[in-house]
Amino acid sequence: QVQLVESGGGLVQTGGSLRLSCTASGLIFSSYSMAWYRQAPGKQRELVARISSRGSTFYADSVRERFTISRVNAKSTVYLQMNSLKPEDTAVYYCCAMWAATPDYWGQGTQVTVSS
């Protein structure tokens, strides 16, 4: 029933920007924290940013001051604005919804590639 669909990935040059979107259906969106994870080849999936149901945010140190997470509950959508992109940001980015401390639902992922 629950579906999370990401969009906005692509290929950009170092220093460029991308905006990822994730639209949810089949759940009470406003009741969930939303997060973005990423996974590069050969590496563990890592938390990038999280936003609570009340709007509090958390960022990984590696992306703080470059990335911004936001949500629009009326659209059941969470965004990740990514600026000043670096090659090390290259990964598949996944949207997730979580009621407690661990993710309950995952999107399919969207590829972000930053060329040097």
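One can find the structure itself at the top, above this paragraph.
Let me sum up the structure you'll find in this document. (Residues numbered from 1 in each chain as written. Predicted model: local features only at pLDDT ≥ 70, side-chain atom pairs only at ≥ 80, totals over all residues. Heavy atoms only, no water.)

Considering the pattern of salt bridges
Counted according to the given criterion, the structure contains 4 salt bridges. A salt bridge links Glu46 to Arg38; the shortest N-O distance between them is 2.8 Å. Two residues, Asp89 and Arg66, come together in a salt bridge whose shortest N-O distance is 2.8 Å. One end of the pair, Asp89, is in the loop between β8 (77-82) and β9 (91-98); the other, Arg66, is in the loop between β6 (57-59) and β7 (67-72), and 23 residues separate them in sequence. What makes Arg66 buried here is its relative accessible area of 11%. Each of the salt bridges in this network shares a partner with another, and the network as a whole consists of Arg38, Glu46, Arg66 and Asp89. (Salt bridge = Lys/Arg side-chain N within 4 Å of Asp/Glu carboxyl O. Helix = DSSP H or I, 4+ residues; strand = E, 2+ residues; numbered from the N terminus. Buried < 20%, exposed > 50% of the residue type's maximum accessible area, 1.4 Å probe, protein only.)

Observations regarding the sheet that holds β7
The sheet built from 4 strands is open, its strands ordered β1-β3-β8-β7 with antiparallel pairing. Each edge of the open sheet carries a strand with a single partner, namely β1 (3-7) and β7. Direction aside, neighbouring strands of the sheet carry axes that sit 15° apart on average. Bridge count for β7 against β8 is 6 bridges, and the pairing is antiparallel. When the bridges of β8 are listed, Ile69 appears paired with Leu80. (Pairing = 2+ DSSP bridges. Axes fitted to C-alpha atoms, helices over the stretch in contact; angles between N-to-C directions.)

Thoughts on the nonpolar core
In this structure, Met34, Trp36, Val78, Leu80, Met82 and Tyr93 are the most contacted members of the largest nonpolar core, which totals 29 residues. Those elements that place two or more of their residues in this core are β3 (18-25), β4 (33-39), β5 (46-51), β7, β8, β9 and β11 (110-115). (Core = buried A, V, L, I, M, F, W, Y, C linked by side-chain atoms within 4.5 Å.)

What to know about the state of the cysteines
In the structure shown here, the tally under the stated rule is 1 disulfide. Two residues share a disulfide in this structure: Cys22 and Cys95, whose sulfurs sit 2.1 Å from each other. Because the sign of the S-S torsion sets the handedness, a value of about -75° for the bond joining Cys22 and Cys95 places this disulfide among the left-handed ones. Note that Cys22 is positioned in strand β3 and Cys95 in strand β9, a separation of 73 residues in sequence. This pair shows no difference in class: Cys22 is buried, exactly as Cys95 is. Here Cys96 stays free of any disulfide, with the sulfur of Cys95 as its closest cysteine sulfur at 6.5 Å. (Disulfide = S-S within 2.5 Å.)

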